[in-house]
Amino acid sequence: MFIAFIAASQTEDHGILCLTYSQEIACFSYDDKHGFHLDDSSLQWYYPAELGADLSTGFETFDKHDDSADEHLDSLLKTVMSYEEEEGKKLDAQVVTWRGMMTKIMSVPFEDRDGFEMNATLYQDCIFIEENHAYKQASKEEQQRQQQQQQQGRRGQFPPEVMAYWGYKFEALSCLPRPWGEVDREYIEKRGEKIVSNKAQYCSVVRTGLGKTVMCLGGEVDAIWDSKPTQKGAPINWIELKTSVEIRDDRSMNNFERKLMKFWIQSFLLGVPKIIVGFRSQQGILTKLEEIQTAKIPETAAKRGVKSWDANMCINFASAFLEWLKNTINDEGVWRIRRRPHSQAIEVFRVEEV
Amino acid sequence: MGIPAAFRWLSTKYPKIISPVVEDKPIVMDDGSVIPVDTTRPNPNGEEFDNLYLDMNGIVHPCSHPEDRPAPADEEEMMLEIFKYTDRVVNMVRPRKLLMIAIDGVAPRAKMNQQRSRRFRSAQEAEEKAADKEELLKMIKQQNGGILPPETLESLTKKAFDSNSITPGTPFMDILALSLRYWCAYKLNTDPGWANMKIIISDATVPGEGEHKIMNFVRSQRSSPDHDPNTRHVIYGLDADLIMLGLATHEPHFRVLREDVFAQDSRARTCKICGQKGHEARNCRGEAKVKDGEFDEKDKAVPLKPFIWLHVSVLREYLAVELDVPGLPFRFDLERALDDWVFMCFFVGNDFLPHLPALEIRENGIDTLTAIWRDNLPFMGGYVTKDGHVDLERAQYIFDGLAKQENAIFKRRKESEDRREAGFKRRKLQEQQRYGHAQGGRGRGGGFDSGLPSGLPKALTHDMVVNRAPTTTDANVANKSAAAVLKSQIQGLMPTPEAESTATNGSAEKVAPEAGTPPSALGKRKASMIDADAASTPGNSSASGDAPEAEDSVRLWEDGYADRYYERKFHVDPKDLDFRRKVAWAYVEGLAWVLRYYFQGCPSWEWFYPYHYAPFAEDFKDIAKMEINFEKGRIARPFEQLMSVQPAASRHVLPSVFHDLMTSPESPIIDFYPEEFEVDLNGKKMAWQGVALLPFIDMPRLLAAIKDRYPKLSPEDAARNDRGTEVLILSEANHDLYDDIISHFYSKKQGDPKYKLDPRVSQGLSGKIEKLLEYLPHGTLEYPLERKGMPNLDDDRSLTVNYEIPASSHNHKSMLLRGLQPPVAALNRSDIEELKGKLRNSGRSHGGA
Ligand SMILES: [Mg+2]
């Protein structure tokens with residue numbers, strides 16, 4: 001069986017779709033050795049970084065998580081199971097996946113450079129979707145090869161690994177392990193000297209809806225603004241941290257506006273209300289901080305006449321796709337969801353029988 | 001810092017920190033009915049405020065002796081005055097979230113020394129005032145053929161309210177706390193402008209000075225992640241220091257609210273003798289007043305004193321310019337620089353230490369220090385202070401810089417004093433030449449144009465006995481000294497040859513020396529407290545009385561002053577340099593104590609500076625070798641504080657079981673309560689500027705002496721000696737929080753009797769609350785005072801619980817919070833240029849820093 005869902009046909013406006021706001025139902029943490037804990041121990045608090053910081057500092061000692069092993073949906077499933085046990089009932093989600101998968105799907109109408117491959121399976125009326133690890137590894141290698149080629153062309157540019165480090169460094173400079181009131185001045189002032197690691201993570205598991213589909217998404221959140229509300233399901237003031245090159249001309253402005261689509265989708269899906277963008281110079285020096293309200297990104301983009309993307313279309317497309325997917329995946333075999341680079345279609349086909 | 005001096009200095013140097021308060025006033029209709037201010041409407045000042053903090057002693061004190069009307073007749077009348085005044089302040093600010101009322105509780109020991117000195121002096125003054133009145137009555141009688149005319153004012157014969165009872169542990173403070181709780185609940189029930197406000201009352205049973213309890217609260221909220229960094233704070237109080245405390249919070253949206261000290265002079269005031277309007281003290285005949293209209297509408301037409309804002313945010317802007325040092329080898333951090341500046345302001349004066357001899361606020365002492373700081377900052381390697389802790393090595397730079405200039409400062413001070421003196425004499429002479437001696441040499445100082453017939457006039461008025469200086473610029477001083485002026489002038493009128501001879505020798509403020517007074521109650525005092533209106537004429541040297549230090553024998557402007565200073569003031573061998581260092585180290589400890597007190601809360605309740613005088617800047621040697629550690633210590637109980645600060649004359653504020661300890665010659669601590677004590681002018685002109693040489697309380701001895709009296713206390717008295725807690729009061733209209741608390745404490749499935757507030761339910765307020773046993777929802781709100789000046793309410797729709805300020809386990813940090821939206825800049829380019837112009841030569845008048 002081979003079925004294609006054509007992106008282009010689904011880009012007309014379906015009017016206002018039913019959106020459920022994301023509610024955290026559970027969370028888990030990876031510690032600084034990437035060990036799993038069913039708690040919020042790796043939660044971090046936001047406190048702004050000092051401007052003028054060199055984001056490359058400490059790259060040599062970067063304690064990078066080795067993501068070559070396939071982690072599947074393990075942590076997410078463990079957390080959901082524990083949630084169901086505690087609640088004494090099954091979660092009503094029709095789709096369970098990482099936030100990153102949904103981000104890829106939501107950006108399909110406006111992003112055709114990269115492809116993706118996912119595996120999906122139906123189990124007890126719920127579709128579980130994970131990334132096809134082999135594909136991911138392969139495309140990563142391919143990407144690195146291309147970047148190296150480009151690198152040879154442009155002199156003075158930072159290697160891609162260093163530029164990737166900037167984001168982690170910015171996070172290290174912007175976060176505290178406890179609320180500001182419970183942290184010593186010395187810690188705050190010496191954040192720049194801390195060894196940067198991406199092993200520890202706090203992950204939020206949320207229940208949310210897109211169109212008529214109820215989803216359970218898991219994803220990392222960088223920090224919290226104030227405190228988690230005691231009331232269950234109340235919105236949480238999460239912070240998403242991003243870095244971006246300073247806007248100096250139309251070209252960088254356009255690039256940033258395209259980037260905002262990704263920022264918006266990611267934060268929208270987990271219910272992160274605020275994004276802090278650390279603008280950096282070409283040399284990786286932090287020059288400016290900007291707070292952006294997630295909810296305002298679409299309207300601001302519309303007001304500015306941004307043509308490169310449209311939030312409603314992202315939502316409509318993803319809703320329709322999920323609707324279609326629920327009809328398509330009808331047995332407990334393993335299915336592949338694939339989009340080839342530059343293709344207008346998402347293909348879904350069975351790769352393994354029940 | 002002296003209040004008027006500090007305000008004057010700040011507002012001259014940083015003019016834009018002050019702006020007038022726009023105040024909506026109640027509208028009086030033609031039929032006499034009053035439409036109260038609707039505080040639910042937008043604030044007329046163009047900005048809304050969240051929290052209002054009242055340093056309540058700044059309301060209670062002025063209400064006990066108002067400047068523009070008679071003092072309240074009794075405690076109940078006083079409470080009503082307090083309500084009225086508080087209402088006015090709240091209406092001005094219209095806090096949308098929180099009102100905190102903080103009354104001084106027991107103070108740290110370091111403060112008690114100052115309180116003791118103030119109270120001993122004020123008891124002495126009260127005694128004088130009483131004597132003066134008696135004298136006046138005697139004179140009126142004399143004129144009236146030996147009988148007191150019936151129209152003589154009651155207030156002249158009545159005993160004045162003893163403001164010494166405004167101290168923790170007194171029955172008065174009990175009544176005050178009760179009344180305020182009632183009134184706040186009443187307002188929550190009846191004033192829609194109050195409905196959403198949460199009220200915290202920290203009464204005198206909660207230890208700590210009012211403004212510092214407020215600071216503790218602000219710090220506690222600040223360290224909670226749920227605190228809104230853009231909270232708009234207003235603090236009301238009289239201390240000039242509040243603006244420093246405001247800076248110390250590092251909450252830029254912070255204002256100080258107070259009466260306009262500079263507006264007083266132009267206002268119509270009442271007579272200081274009888275408290276009536278229509279005449280000034282010098283024209284007082286002590287007569288009962290003529291009724292104003294049928295019902296004698298007391299306050300009709302008295303214009304209310306205007307209020308001003310002091311903007312901490314604007315001061316921050318000025319200081320950002322002033323403290324900016326370019327080319328630092330470390331990152332410039334305005335918050336840290338501000339802390340250093342606040343620290344240096346302590347050198348110039350604070351409530352806990354005598355100020356350094358070289359530093360006077362009037363002589364721009366703060367500028368001197370700031371210049372030293374700026375010059376040394378690049379070499380110090382960092383800031384002098386950090387979150388309320390002093391880096392002694394860096395502080396040494398500041399002392400060294402000051403020491404280099406100390407000599408020159410003293411010399412220059414003398415020179416300008418001499419110049420002032422000469423100018424004063426010259427003007428005096430000119431005046432005398434202008435008016436001649438028309439009065440025929442009768443005992444009048446020059447400068448008055450009304451003729452005085454010889455012999456006592458038919459109808460004696462105070463114009464004839466009060467010989468006032470024609471210009472009074474400092475209302476506070478004028479206020480303080482009214483009784484003394486009166487007294488001295490009565491003496492001047494009495495036909496004693498000494499009085500006559502001294503009163504003619506030139507100075508308008510000249511008072512008769514004690515030696516010349518008739519043997520009356522007035523003669524008994526030892527150290528003269530007479531200060532007169534002479535504050536406006538510092539060249540005058542009359543006020544020394546017969547104090548032993550009448551002549552300034554130290555002469556700071558002459559070489560060898562340090563030797564003389566230590567010999568005369570400390571009675572220590574001038575060769576004993578170790579002693580000097582000991583004094584300096586104690587002083588450094590004091591500065592460290594004050595700094596921590598301001599930034600972290602009281603570091604030690606028992607620490608105090610054990611000398612009456614400060615060291616010289618040059619005595620601060622090797623201070624980096626010091627190790628400063630404070631122990632929290634024991635917080636005094638209210639009666640212990642009362643015993644430590646009150647003179648025997650005010651013993652009525654204490655339960656009678658303690659009285660004999662203050663009066664009996666057999667009392668083991670009788671030496672703590674001298675009837676007579678020396679006031680050392682210490683180079684100053686006015687007695688109130690001098691140093692009261694009272695013995696320091698030896699706390700263990702005091703505690704030992706009162707220990708066995710405790711069991712003899714009545715249960716009510718014993719209760720007043722106990723420690724209390726803050727209370728939180730809110731209205732039913734504050735639905736979320738009200739319902740939350742009711743369901744916790746009063747529903748069928750009650751929770752713990754104590755729980756942590758959820759900041760999302762309480763609009764960001766953090767802290768713990770506890771069920772109050774004596775409170776029941778929807779009960780009767782009873783007016784606690786006798787004369788039922790205000791009603792009871794049958795169905796009280798307010799709620800009262802105990803409230804506990806969250807304790808922070810961490811140091812408070814002088815940093816801005818994330819999410820702060822900086823206040824809109826108030827200074828423009830020309831303001832900044834003007835300040836920079838002032839800075840170019842400021843603080844450097846005494847040679848290189
Ligand atoms: Mg006070």
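Residues numbered from 1 in each chain as written. Chains lettered and ligands numbered in written order. Predicted model: local features only at pLDDT ≥ 70, side-chain atom pairs only at ≥ 80, totals over all residues. Heavy atoms only, no water.

1. As for the overall build of chain A
Alright, step 1. Looking only at helices and strands, chain A features 8 helices and 16 strands.
Alright, step 2. By the burial criterion, 49% of the 354 residues in chain A qualify as buried.
Alright, step 3. Within chain A, contacts between residues separated by at least 24 positions form 72% of all contacts whose residues are at least 6 apart in sequence. (Helix = DSSP H or I, 4+ residues; strand = E, 2+ residues; numbered from the N terminus. Buried < 20%, exposed > 50% of the residue type's maximum accessible area, 1.4 Å probe, protein only. Contact = heavy atoms within 4.5 Å.)

2. Considering the overall build of chain B
Alright, step 1. Of regular secondary structure, chain B possesses 23 helices and 17 strands.
Alright, step 2. When the 849 residues of chain B are sorted by exposure, 56% land in the buried category.
Alright, step 3. Summarising the internal contacts of chain B: among those between residues at least 6 apart in sequence, 77% fall at separations of at least 24.
Alright, step 4. Summed over its atoms, the accessible surface of chain B is roughly 36000 Å², and 51% of this surface lies on carbon and sulfur atoms. (Areas by Shrake-Rupley, 256 points an atom, 1.4 Å probe, with all protein chains shown as cover.)

3. Observations concerning empty space enclosed by the protein
Alright, step 1. One pass over the full model with this rule turns up 11 cavities of 30 Å³ or more.
Alright, step 2. Size it by volume and the largest cavity reaches roughly 120 Å³.
Alright, step 3. Around the largest cavity, the lining comprises 13 residues; the ones closest to its centre are W180(A), S224(B), P225(B), L817(B) and R818(B).
Alright, step 4. Around the second largest cavity, the lining residues are W180(A), R219(B), R222(B), A248(B), T249(B), H250(B), Y598(B), F599(B), H812(B), K813(B) and S814(B).
Alright, step 5. Taken together, the elements giving at least two residues each to the lining of the second largest cavity come down to helix 7 (210-222), helix 8 (242-249) and helix 17 (577-599) of chain B. (1 Å grid on protein atoms, 1.4 Å probe; cavity = no way out; pocket = protein on both sides within 12 Å on 5 of 7 lines; lining within 4 Å. Points joined across faces, edges and corners; volume = space filled by probe spheres on them.)

4. Points about the environment of R222(B)
Alright, step 1. Topologically, R222(B) is positioned in helix 7.
Alright, step 2. Excluding residues that lie within four positions of it along the chain, R222(B) makes contacts with W180(A), H227(B), T249(B), H250(B), E251(B), K813(B), M815(B), L816(B) and L817(B).
Alright, step 3. A distance of 2.6 Å separates the side chain of R222(B) from the backbone oxygen of M815(B), its partner in a polar contact. (Polar contact = N/O pair within 3.5 Å; in protein donor to acceptor, adjacent residues only side chain to side chain.)

5. Points about the packing of helix 10 (residues 334-348) of chain B against helix 11 (residues 365-380) of chain B
All names here are of chain B.
Alright, step 1. At a minimum axis distance of 9 Å, the contact between helix 10 and helix 11 shows a crossing angle of 135°. Classified by the angle their axes make, helix 10 and helix 11 are oblique. Viewed along their axes, helix 10 and helix 11 form a crossing whose handedness is right-handed. Side by side, helix 10 and helix 11 meet where A337, D340, W341, M344, C345, F347 and V348 of the first sit next to G365, I366, L369, T370 and W373 of the second. (Axes fitted to C-alpha atoms, helices over the stretch in contact; angles between N-to-C directions. Parallel < 35°, antiparallel > 145°, perpendicular 65-115°, else oblique. Left-handed = near helix turned anticlockwise from the far one by under 90°.)

6. A short note on the packing of aromatic side chains
Residue and element names in this part refer to chain B.
Alright, step 1. Taken as a whole, this structure holds 66 aromatic pairs over all chains when the rule is applied.
Alright, step 2. Centre to centre, the rings of F330 and Y383 are 5.4 Å apart; their planes meet at 75°, and the pair counts as edge-to-face. Of the two residues, F330 sits in the loop between helix 9 (312-322) and helix 10 while Y383 sits in the loop between helix 11 and strand 10 (385-386), which places them 53 residues apart along the sequence. Y383 shares its class with F330; the two are buried.
Alright, step 3. Here R255 stacks its cationic end above the ring of W309, 4.8 Å away from the centre of that ring. (Phe/Tyr/Trp six-rings, centres within 6.5 Å; stacked < 30°, edge-to-face > 60°. Lys NZ or Arg CZ within 6 Å of the ring centre and 35° of its normal.)

7. Quick look at the pattern of salt bridges
Alright, step 1. Summed over all chains, the structure comprises 64 salt bridges over all chains.
Alright, step 2. Three or more residues are tied together by salt bridges with common partners; here these are E50(A), R331(B) and D333(B). (Salt bridge = Lys/Arg side-chain N within 4 Å of Asp/Glu carboxyl O.)

8. Describing a negative patch on the surface
Alright, step 1. A contiguous patch of negative charge on the surface is contributed by E567(B), D573(B), D576(B) and D578(B).
Alright, step 2. Inspection of the secondary structure puts D578(B) in helix 17. (Patch = residues over 30% accessible without salt bridge, like charges linked within 9 Å, V, L, I, M, F, W, Y side chains within 5 Å. Lys, Arg positive; Asp, Glu negative; His and termini not counted. Charge placed at Lys NZ, Arg CZ, Asp CG, Glu CD.)

9. Looking at the pairing of strand 5 (residues 95-98) of chain A
Alright, step 1. In the sheet, strand 5 of chain A pairs with strand 7 (residues 126-131) of chain A via 3 bridges, with the strands oriented parallel. Note that in strand 7 of chain A the partner of V96(A) across the bridge is F128(A). (Pairing = 2+ DSSP bridges.)

10. A look at the nonpolar core
Alright, step 1. One finds Y14(B), W341(B) and W373(B) to be the most contacted residues of the largest nonpolar core, which totals 131 residues.
Alright, step 2. Three or more residues apiece are contributed to this core by two domains, here domain 1 (47-106 + 168-267 + 303-322 + 725-818) and domain 2 (323-414 + 559-621) of chain B.
Alright, step 3. Apart from residues no more than four positions distant in its own chain, W341(B) is found in contact with W9(B), L10(B), Y14(B), M244(B), L247(B), L315(B), L319(B), L323(B), I366(B) and T370(B).
Alright, step 4. By size, the runner-up hydrophobic cluster in this structure holds 65 residues, among which are L43(A), V108(A), I297(A) and I315(A). (Core = buried A, V, L, I, M, F, W, Y, C linked by side-chain atoms within 4.5 Å. Domains from an automatic or database assignment.)

11. Here's the deal with helix 10 of chain B
Alright, step 1. Taking 1.5 Å of rise per residue, the 15 residues of helix 10 of chain B would be expected to cover 21 Å, and the 22 Å separating its terminal C-alpha atoms lies within 8% of that figure.
Alright, step 2. Of all 15 residues in helix 10 of chain B, 15 are buried, a share of seventy percent or more. (Expected span 1.5 Å × (residues − 1).)

12. Let's talk about helix 23 (residues 829-841) of chain B
Residue and element names in this part refer to chain B.
Alright, step 1. Among all positions in helix 23, only D831, L835 and L839 are buried. Seen end-on, helix 23 carries its buried residues on one side only, within an arc spanning 75°. Seen from the open side of helix 23, the exposed residues pointing more than 90 degrees away from its buried face are R829, R840 and N841. (Arc of directions from axis to C-beta.)

13. Describing the interface of chain B and chain A
Alright, step 1. Contact residues are listed per partner, giving 20 residues for chain B and 22 residues for chain A.
Alright, step 2. Of the roughly 1800 Å² buried between chain B and chain A, counting both surfaces, carbon and sulfur atoms make up 51%.
Alright, step 3. Among the residues of chain B in contact with chain A, R760(B), K813(B) and R818(B) are the three that bury the most area, contributing 36% of the side total.
Alright, step 4. Linking chain B with chain A are 4 salt bridges, by the criterion used here. (Buried area = accessible area lost by both parts, 1.4 Å probe.)

14. A closer look at the state of the cysteines
Two cysteines, two sulfur atoms, one covalent bond between them: this is a disulfide.
Alright, step 1. The full count for this structure, using the stated rule, is 0 disulfides over all chains.
Alright, step 2. A disulfide-free cysteine, C27(A) has its sulfur positioned 9.3 Å from the sulfur of C203(A), the nearest such atom. (Disulfide = S-S within 2.5 Å.)

15. Observations regarding the environment of I832(B)
Residue and element names in this part refer to chain B.
Alright, step 1. Secondary-structure assignment places I832 in helix 23.
Alright, step 2. On the basis of relative accessible area, I832 is assigned to the partly exposed category, the value being 25%.
Alright, step 3. Taking C-alpha positions, I832 is 7.2 Å from V321, a pair spaced 511 residues apart along the chain.
Alright, step 4. Not counting residues up to four positions away in its chain, the partners in contact with I832 are V321 and L827.

16. Comments concerning the side chain of N43(B)
Residue and element names in this part refer to chain B.
Alright, step 1. Mapping N43 onto the fold places it in the loop between strand 3 (34-35) and strand 4 (51-55).
Alright, step 2. In this structure N43 comes out as buried when scored by relative accessible area, which is 5%.
Alright, step 3. Looking at N43, its side chain comes within polar contact range of the main-chain nitrogen of N45, at 2.8 Å.
Alright, step 4. Setting aside chain neighbours within four positions, we find N43 in contact with E48, F49, M92, V93, R94 and R96.

17. Re a nonpolar patch on the surface
Residues and elements named next belong to chain B.
Alright, step 1. A contiguous nonpolar surface patch, about 260 Å² in accessible area, is contributed by I27, M29 and I35.
Alright, step 2. Within the fold, I35 resides in strand 3.
Alright, step 3. According to the relative accessible area criterion, I35 is partly exposed, its value standing at 40%.

18. Concerning the sheet that holds strand 4 of chain B
All names here are of chain B.
Alright, step 1. The strand order across the open sheet formed by 11 strands is 1-9-8-7-4-5-6-14-17-16-15, and the pairing between neighbours is mixed. Each end of this open sheet is capped by a strand with a single partner; those strands are strand 1 (18-20) and strand 15 (754-756). With direction set aside, neighbouring strand axes in the sheet form an average angle of 25°.
Alright, step 2. Where strand 14 (residues 726-731) meets strand 17 (residues 798-804), 6 bridges bridge the pair, whose relative direction is antiparallel. Along strand 17, the bridge assignment pairs S731 with S798.
Alright, step 3. Together, strand 5 (98-102), strand 6 (198-202), strand 14 and strand 17 form the strand contacts of helix 6 (residues 171-190), whose direction differs from that of strand 14 by roughly 20°.

19. Considering the confidence of the model for chain B
Residue and element names in this part refer to chain B.
Alright, step 1. Of all residues in chain B, 78% have pLDDT values of 70 or greater, and the mean over the chain is 81.
Alright, step 2. Low pLDDT, under 50, characterises residues 291-300; the stretch is placed with 9 contacts to residues that sit more than four places away or in other chains.
Alright, step 3. Every residue in residues 439-549 scores below 50 in pLDDT, and together they form 201 contacts with partners more than four places removed in sequence or on other chains. (pLDDT = per-residue confidence, 0-100.)

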